[in-house]
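# Topology and contacts: notes
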Amino acid sequence: MTLTLFLFYLSAAIALGSTALALTRANAAHALIFLIVSLLAIAVLFFFLGAPFAAALEIVIYAGAIMVLFVFVVMMLNLSEGSREQERAMLDFSQWWLPGLLTAILLAELVYVLTAIDSESTVRAVMPKEVGLSLFGPYVLGVELASMLLLAGLVGAYHLGHHFLRRNRGRSE
Amino acid sequence: MAELKIIGLLLLLLGGAVGGAAVMTWFERRVLGIWQDRLGPNRVGPFGIVLVAADMLKLLGKHDWVPPFADRPVFIFAPTAIVVAMLLGFAVVPYAPNVMVIDMNIGLLFFLGMTSIAVYSVLLGGLASHNKYSLLGGLRSAAQMVSYEVFMGLSLMGVVMLTGSFSLIDIVLAQEDLWFAVTQPLGLFVFVIAGLAESHRLPFDLPEAEHELTAGFHTEYGGMKFAMFMLGEYLGLILISCMITTLFLGGWQGPWLPPLVWFPIKTLAVILFFILLRAAIPRPRYDQLMSLGWKVMLPITLINLVVTGGVALWLSEGGF
């Protein structure tokens, strides 16, 4: 039990540390790598909390697909030293003290709420089958709404690409 | 006692996988030689097998050089990601009834997660090199891997539906009477092609495509760092073959021979098939690869999903 607890807090510390590093890096590629590490650490946290399915999805979808697209965009932009300078200027104290202060207030409120509710909730492992049953049972409306949102995104992307193709027809290939 | 067994298994697995990947470099060249009507590497030792040691010594002896214009920490980190992710993937493969590191009820998803983590190796390697060929190779690999990951995951959902579990042990046991290769031929077809694209081997090695991109993402790499990329690629090949055996070819099950013999036989057969594909099929153009994925593979997987779901539902209602 103590080993599990130690590992839980270790991965929590890794998640916090890598997120802090992801925020403060001037080099976008380095920041993204720390963000990936942070997502992996959160997956481990989910696993320890008894949600293996959520942990697997965190790795497959967030760390494995969405962040790949982020890195893809960074590669496409091919950021130069100039953008790094700009990023460094934005990390100046005068730029971030107000958002930092506001977030600190929110954090204090969150800690207060978390300590106020009794933490005697029973932790138990949730199997993939249970997740599926509740997703397509009581929460089916949420699933349908999410799929509609994705469809809207797909149609929008198709629309943009369609115009591009029609304009360039006959010119390329 | 249980811990000792697991540690022993881990060491065996580590040695087996890395050693297997090393021997595979020689085996592949030799088999390719036979199929292309030439000898292949046959000089060093019996059948040329000592060539593996010679290659290793050469790679170890090379100058471990980092280009001055490269992003040093990322450049050094990149080759390790693929090897670590692929080795972790071997943890969920059931080799025999009691021979596996861990039986998770999300085993299949764990495998998919590890293959998607391995993508970063190629991506970051291409990004950190600060070289136009590497960057193009990395960009291609990102698009290719993200696309084929979709079909890879979806093609396996038919198997999951028929089994009713993500656990690889359950999937193997569900094939006691009939392999999923028979009931899920479309799933197998898509998984083989997606697996080939994920391990970016010929004919789908667009990220390195030496005739247009010099060596693609690993243009700037040499010595042991280059060897790590190659090791990861061969580990990926072995892992994909293990998964095809487990998911579609009945895993360890088979008549007469013990499970620990059947599993390697089937895996080796799949690896031979992959090498044969390399020998037989030319590399497609990059846009052909992408349109093959989205215009052929995706509809096939979706049809497979709908039909499998319908049949599974129909059977659970009692058939006729």
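Predicted model only: the values in this text are computed from it and were never measured.

Criteria and thresholds
Residues numbered from 1 in each chain as written. Chains lettered and ligands numbered in written order. Predicted model: local features only at pLDDT ≥ 70, side-chain atom pairs only at ≥ 80, totals over all residues. Heavy atoms only, no water. Helix = DSSP H or I, 4+ residues; strand = E, 2+ residues; numbered from the N terminus. Rg over C-alpha atoms; globule rule 2.2 N^0.38 Å. Buried < 20%, exposed > 50% of the residue type's maximum accessible area, 1.4 Å probe, protein only. Contact = heavy atoms within 4.5 Å. Areas by Shrake-Rupley, 256 points an atom, 1.4 Å probe, with all protein chains shown as cover. Lys, Arg positive; Asp, Glu negative; His and termini not counted. Charge placed at Lys NZ, Arg CZ, Asp CG, Glu CD. Axes fitted to C-alpha atoms, helices over the stretch in contact; angles between N-to-C directions. Parallel < 35°, antiparallel > 145°, perpendicular 65-115°, else oblique. Buried area = accessible area lost by both parts, 1.4 Å probe. Salt bridge = Lys/Arg side-chain N within 4 Å of Asp/Glu carboxyl O. Polar contact = N/O pair within 3.5 Å; in protein donor to acceptor, adjacent residues only side chain to side chain. Nonpolar A, V, L, I, M, F, W, Y, C, P; charged D, E, K, R; others polar. Left-handed = near helix turned anticlockwise from the far one by under 90°.

Our focus in this paragraph is the overall build of chain A. When you go through chain A residue by residue, the secondary structure sums to 7 helices and 0 strands. Along chain A, from the amino end to the carboxyl end, the secondary structure elements read α-α-α-α-α-α-α. For a compact globule of 173 residues, the expected C-alpha radius of gyration is about 16 Å, and chain A comes in at 21 Å, more than 25% above that figure. If you line up chain A on its principal axes, its C-alpha atoms span 65 × 50 × 30 Å. Counting across all 173 residues of chain A, residues that qualify as buried make up 21%. A sequence separation of at least 24 residues applies to 59% of the contacts in chain A between residues at least 6 apart. Accessible area for chain A stands at about 12,600 Å²; split by element, carbon and sulfur atoms hold 74% of it. Computing the positive centroid from 9 side-chain charges and the negative centroid from 11, chain A places the two 17 Å apart.

Quick look at the packing of helix α5 (residues 132–163) of chain B against helix α10 (residues 223–248) of chain B now. All names here are of chain B. Look at α5 against α10: their axes get within 11 Å of each other, and the N-to-C directions meet at 25 degrees. With respect to each other, α5 and α10 are oriented roughly parallel. Across the interface between the two elements, Met 152, Leu 156 and Val 159 of α5 pack against Ile 240, Leu 247 and Phe 248 of α10.

Moving on, we come to the interface of chain A and chain B. Tallying the contact residues gives 26 residues for chain A and 26 residues for chain B. Carbon and sulfur atoms supply 79% of the area that chain A and chain B bury against each other, a total of about 2,200 Å² over both sides. At the boundary of chain A with chain B, the tally comes to 0 salt bridges. Along the contact surface separating chain A from chain B lie 3 residue pairs in polar contact (both at pLDDT 80 or more). Listed by contribution, the elements that provide at least two residues to the side of chain A that touches chain B are α2 (28–48), α3 (52–77) and α6 (128–135) of chain A. Counting residues per element, the side of chain A that touches chain B draws most heavily on α3 of chain A, which supplies 15 residues. Here the side of chain A that touches chain B is built from residues that sort into 21 nonpolar, 4 polar and 1 charged.

Now for the pattern of salt bridges. Residue and element names in this part refer to chain B. Enumeration over the complete set of coordinates arrives at 4 salt bridges over all chains. With a closest N to O distance of 2.7 Å, Arg 29 and Asp 55 form a salt bridge. Placement of the pair is Arg 29 in helix α1 (residues 2–35) and Asp 55 in helix α2 (residues 51–61), with a sequence separation of 26 residues. For Asp 55, a relative accessible area of 22% translates into the label partly exposed. A salt bridge links Asp 287 to Arg 285; the nearest nitrogen and oxygen atoms lie 2.9 Å apart. Classification of Asp 287 by relative accessible area gives partly exposed; the value is 38%.

In this section: the packing of helix α4 (residues 107–128) of chain B against α10 of chain B. To characterise two packed helices, one gives the angle between the axes of the helices and the distance between these axes. Residues and elements named next belong to chain B. At a closest axis distance of 12 Å, the pairing of α4 and α10 adopts a crossing angle of 160 degrees. It follows that α4 is roughly antiparallel to α10 by the angle criterion. Of the two elements, α4 crosses α10, and the hand of that crossing is left-handed. Note on element contacts: α10 touches α4 through Phe 229, Leu 239, Ile 240, Met 243 and Leu 247, opposite Leu 108, Phe 111, Ser 121, Val 122 and Gly 125.

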